[in-house]
Amino acid sequence: MLFYPTVLEWTDIMQSLNEKASIMIKYLNEIDGFECSPQTAATFVFPKIHLPKRAIEEAKEKGQNPNTFYALSLLEETGICAQPGTLYGQLPGTFHLRLTILPSKEKYRKWWR
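Anyway, here's the lowdown on the structure attached to this text. (Residues numbered from 1 in each chain as written. Predicted model: local features only at pLDDT ≥ 70, side-chain atom pairs only at ≥ 80, totals over all residues. Heavy atoms only, no water.)

## So, the side chain of H96
At step 1: Within the secondary structure layout, H96 lies in the loop between β4 (83-84) and β5 (97-100).
At step 2: Ignoring any residue separated from it by four or fewer positions in sequence, one finds H96 in contact with F46, P47, K48, I49, N67, Q83, P84, G85 and Q90. (Helix = DSSP H or I, 4+ residues; strand = E, 2+ residues; numbered from the N terminus. Contact = heavy atoms within 4.5 Å.)

Listed below in structure tokens is the structure:
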């Protein structure tokens, strides 16, 4: 049996996603080196990351794109899974991540205490 949400359920889902995106964007913008514009995708945010020159050089030494290097380091060091922005297109010389906004609002607030 397929589940089709009612208009009220759909509205609640979309409102929750927007609230979670706002929370995540707020917290990401408080991190040095991160810059996140208002949400542009239903379940993701795409923060711009300003990488130190040394991180860019280390990524190149390993034969990786700098934001791929950062995403892998983030996973290895924190367990946070992010996708590098190169998979979605970006301007040359800029670096981004793609992060999901699906975890609960309570988890976001707990992470950033």
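Structure shown, so let's carry the discussion forward.
## Considerations on the nonpolar core
Most often, soluble globular proteins keep nonpolar side chains buried together rather than apart.
At step 1: Core analysis: the biggest nonpolar cluster contains 22 residues, and M24, L28, V45, L97 and I101 have the highest contact counts within it.
At step 2: Counting only elements with at least two residues in this core, the list comes to α1 (7-29), α2 (53-61), α3 (66-78) and β5. (Core = buried A, V, L, I, M, F, W, Y, C linked by side-chain atoms within 4.5 Å. Buried < 20%, exposed > 50% of the residue type's maximum accessible area, 1.4 Å probe, protein only.)

## Considerations on the pattern of salt bridges
At step 1: Evaluated as defined, the whole model comprises four salt bridges.
At step 2: Among the salt bridges present, the one from R54 reaches E61, with a minimum N-O distance of 3.3 Å.
At step 3: Judged by its relative accessible area of 45%, R54 falls in the partly exposed class.
At step 4: On the basis of relative accessibility, which here comes to 58%, the residue E61 falls in the exposed class. (Salt bridge = Lys/Arg side-chain N within 4 Å of Asp/Glu carboxyl O.)

## Side note on the sheet that holds β4
At step 1: Taken in spatial order, the three strands make up an open sheet running β2-β5-β4, and their pairing is antiparallel. The open sheet has two free edges, formed respectively by β2 (44-45) and β4, since each of these has just one partner strand.
At step 2: Relative to β5, β4 runs antiparallel, the two being bridged by two bridges. Considered in β5, the bridge of P84 is made with L97. (Pairing = 2+ DSSP bridges.)

## Some points on the pairing of β5
At step 1: Looking at chain direction, β2 and β5 are connected through two bridges and run antiparallel. Bridged to F44 within β5 is T100.

## A look at the packing of aromatic side chains
At step 1: Within the structure shown, the criterion is met by one aromatic pair.
At step 2: A cation over a ring is seen here: R98 above F44, with NZ or CZ 3.6 Å from the ring centre. (Phe/Tyr/Trp six-rings, centres within 6.5 Å; stacked < 30°, edge-to-face > 60°. Lys NZ or Arg CZ within 6 Å of the ring centre and 35° of its normal.)

## Overview of the environment of Q64
At step 1: Residue position: Q64 is located in the loop between α2 and α3.
At step 2: For Q64, a relative accessible area of 27% corresponds to the partly exposed category.
At step 3: On a C-alpha basis, the gap between Q64 and G93 in space is 14 Å, while along the polypeptide they are 29 residues apart.
At step 4: Not counting residues up to four positions away in its chain, the partners in contact with Q64 are A59, F69 and L72.

So yeah, pure geometry; function would need other evidence.
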